[in-house]
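Descriptive structure summary
What follows is each chain in one-letter form.
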Amino acid sequence: MYRYDEFDARLVKDRVDQFRGQVNRRLSGELLEDEFKPLRLQNGVYLQLHAYMLRVAIPYGQLNGAKLRGLAEVARDYDRGYGHFTTRQNIQYNWVALKDIPDVLEKLAGVELHAIQTSGNCIRNVTSDHFAGAAFDELMDPRPWCEIIRQWSTFHPEFAFLPRKFKIAVTAAEHDRAAIAVHDIGLRILKRGDVVGFEVHVGGGQGRTPHLAALVKDFVPEAELLDYLEAIMRVYNRYGRRDNKYKARIKILVNELGTEEFTAQVDAEYAAQKGHEKIDLPQAEIDRINAYFAPPAFDADTGSETFEAAKAADPAFAEWAEVNLHKHKQAGHASVTVSLKPIGGAAGDATDAQMLVVADLAERYGYDDIRVSHAQNLVLPHVPVKHLYAIWQALDAAGIATANESLITDLIVCPGLDYCNLANARSIPVGQALQKVFADPKYQREIGRLHINISGCINACGHHHVGHIGILGVDRKGEEFYQISLGGRADEKAAIGDIAGPALKGEDVPQAVKRIVDTYMALRTSPDELFIDTLARTGAEPFKEAVYATA
Amino acid sequence: MTSVRPKLKPETPKAITAWETATGRSVWMTQVGTWSDDVRKAAAFTGEIAEARLAEAFKQEGQVTDPYFMEVTETGGITGRETIRETIRATGPTVAYGASA
């Protein structure tokens, strides 16, 4: 994992001191809210429905025991004993008092975490594959490039006031777990011969105007990546629609210009960058960053007999192991998904005690490595299989061993109107009601992989556009209604879902989804045909009919 | 702050609500012009008095943030188009959270 050098540490500390002064001036009334708002947003502080919310950056979802313990202690000491992991691989605290935030940030700086660029019209946290460095199907570890992009984009003076916020995702695996098609810039790492490079996708995003990113360049060699990104940012910074907040994202610019013209402008900008403007990214620097992400010294003892014996002895463990493990590149190892989706819980929430359990397990068994996934779960990326039973027992005791990774109850859910000032409708109770319909573990496994994503407003923090089944909360004259969409997906076959028809009342959503699933079970050619594939084969009509069918 | 804040007619009873600056807690203006975190103590105002009270609230920027009118009944109960939102602001999330979830 990357460790702060003296400059990083100084930068973060100075920022905490600066913000402390700003908070004090706000509390004394010297700064008015209008003046303070842009300052607090630059430090990740929102004012939500009934409290401030602090969003802390977790660069590409990477944590270790010390960092997660720091996050747990903040939840315990300054919040109400929990935090919410987000689809941007960050964490949000829902109840922290403004007067305490400088102390919180100082504490987090001690474990090399901060809230810089977690809000505002700047380049936000770079996200990535939560199995990075572990997945059997990756070409290489994408995290060094996430870190290089993070360093380039942090406090980049030219990109501090973009037309709108800007999100970058990086993947290096065949199966895209980073949702690069719905990011402002999505990067896929490739190799041409021995040269590492990037496929560059631009202009994806969700929100009120969803777009899939366009392929702008099929190969940018690694030494040129930052210059090429800089050219994209300059074109956006100059021509992005600052006149209209709803048209200010780069997806609108790419769409209005067309991919060809946009690409031509980026290429022209790239060509016009003079020699002295080029970012010097020597191989030595790439190597230096790479060294931070060297694989751990993997345990050579595979221990698979212990694992098999435990599965045979304990069916509940075997069920969990079947669902929540991901194939590791190293023999005798697996990546573990720690589900933050217990039936009837709030997706992505973890208590301070649960965070401490995961921190301890990572330190004890998992080479001190923890990730946050964009699906709002935690991951222990490297675990020797001989320790899985002990890990499962500890997770189970802490209530975070639900065997549902990528199954129908592994929902992505935004905080919705229970917390958020922008929401039009509640999301969490709809998710809980849905989970109850599909709670039976055997039934979930029979259904197979099926992603349901729920957002409480058009801003789409719950990624409803790319859910196999998407649910969007809307306001109809003060009443909560929910619009269902079908066929979205966030992976390498990314698609925006189609709206099934008129919105439903919240209480009708669980049974409508049940009818969609019943239709799928009846239509699928075999248990191996996933929901999303059946839908692609048959078209949406039978499913749309199911949504509105009455008993 | 919120994107939806309906315009209320002068004669419509309204409370004045805001966030306590230091903590972010929801607060409501009482009959005597102080702030309470108990929505049951919210006073209902109309017409020019309501406007004057809101103007006073804006002058207390160190103490409270972003005051605005919330539609209420004559006795101060939450009503109108924003009932769900304002009820959640007043009484907290409708779902259990933290260790009690």
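From a predicted model like this one, the values you see are computed outputs, not experimental measurements.

1. A few points about the packing of aromatic side chains
Residues and elements named next belong to chain A. Taken as a whole and assessed by the stated rule, the structure comprises 20 aromatic pairs over all chains. Considering the side-chain rings of Tyr 520 and Phe 531, the 5.6 Å spacing of their centres and the 80° angle between planes classify their relative orientation as edge-to-face. A residue pair is termed long-range when its members are at least 10 positions apart, and Tyr 520 in helix H16 (residues 509–523) and Phe 531 in helix H17 (residues 531–538) qualify at eleven residues. Looking at Tyr 520, the relative accessible area reads 0%, which means it is buried. Looking at Phe 531, the relative accessible area reads 0%, which means it is buried.

2. Focus: the environment of Gly 501 of chain A
Residue and element names in this part refer to chain A. Within the element layout of this structure, Gly 501 appears in the loop between strand E20 (498–499) and strand E21 (504–505). Separated by 106 residues in the primary sequence, Gly 501 and Leu 395 have C-alpha atoms spaced 41 Å apart. Those residues in contact with Gly 501 that sit more than four places away from it in its chain are Gln 483, Ile 484 and Tyr 548.

3. Details of the side chain of Asn 90 of chain A
All names here are of chain A. Checked against the element boundaries, Asn 90 lands in the loop between strand E4 (82–85) and strand E5 (91–93). A relative accessible area of 3% places Asn 90 in the buried class. A polar contact of 2.9 Å, which involves the side chain of Asn 90, links it to the side chain of Asn 125.

4. Quick look at the sheet that holds strand E11 (residues 325–327) of chain A
Residue and element names in this part refer to chain A. Across the sheet, which stays open at both edges, the five strands sit in the order E3-E14-E15-E12-E11 with antiparallel pairing between neighbours. Each end of this open sheet is capped by a strand with a single partner; those strands are strand E3 (62–63) and E11. Judged from the two bridges that link them, E3 and strand E14 (residues 370–372) form a sheet pairing that is antiparallel. Counted as the bridge partner of Gln 62 is Arg 371 from E14.

5. Remarks on the domain arrangement of chain A
Residue and element names in this part refer to chain A. Under the domain assignment used here, chain A contains domain 1 (6–109), domain 2 (142–282), domain 3 (304–397) and domain 4 (412–548). Spacing between the C-alpha centres of domain 1 and domain 3 amounts to 28 Å. Listed as interface residues are 23 residues of domain 1 and, on the opposing side, 22 residues of domain 3. Taken together, the two surfaces of domain 1 and domain 3 that pack against each other cover about 1,800 Å², and 58% of this comes from carbon and sulfur. Area buried by domain 1 at its contact with domain 3 is led by Leu 68, Arg 69 and Phe 85, which between them contribute 31% of it. Linking domain 1 with domain 3 are two salt bridges, by the criterion used here. The shortest N-O distance in the salt bridge between Asp 360 and Arg 69 comes to 2.6 Å. There are 15 residue pairs in polar contact (both at pLDDT 80 or more) connecting domain 1 and domain 3. Only E3, helix H3 (65–78) and E4 provide two or more residues apiece to the side of domain 1 that touches domain 3.

6. Things to note about the interface of chain A and chain B
Across the contact, 36 residues belong to chain A and 27 residues belong to chain B. For the pair chain A and chain B, the summed buried area comes to about 2,600 Å², and 59% of that belongs to carbon and sulfur atoms. Considering only the side of chain A, the residues that lose the most area to chain B are Leu 49, His 50 and Asn 421 of chain A, jointly responsible for 19% of the buried surface there. A salt bridge links Glu 61 of chain B to Arg 26 of chain A, with the nearest nitrogen and oxygen atoms 2.7 Å apart.

What counts and what doesn't
- Residues numbered from 1 in each chain as written.
- Chains lettered and ligands numbered in written order.
- Predicted model: local features only at pLDDT ≥ 70, side-chain atom pairs only at ≥ 80, totals over all residues.
- Heavy atoms only, no water.
- Phe/Tyr/Trp six-rings, centres within 6.5 Å; stacked < 30°, edge-to-face > 60°.
- Helix = DSSP H or I, 4+ residues; strand = E, 2+ residues; numbered from the N terminus.
- Buried < 20%, exposed > 50% of the residue type's maximum accessible area, 1.4 Å probe, protein only.
- Contact = heavy atoms within 4.5 Å.
- Polar contact = N/O pair within 3.5 Å; in protein donor to acceptor, adjacent residues only side chain to side chain.
- Pairing = 2+ DSSP bridges.
- Domains from an automatic or database assignment.
- Buried area = accessible area lost by both parts, 1.4 Å probe.
- Salt bridge = Lys/Arg side-chain N within 4 Å of Asp/Glu carboxyl O.

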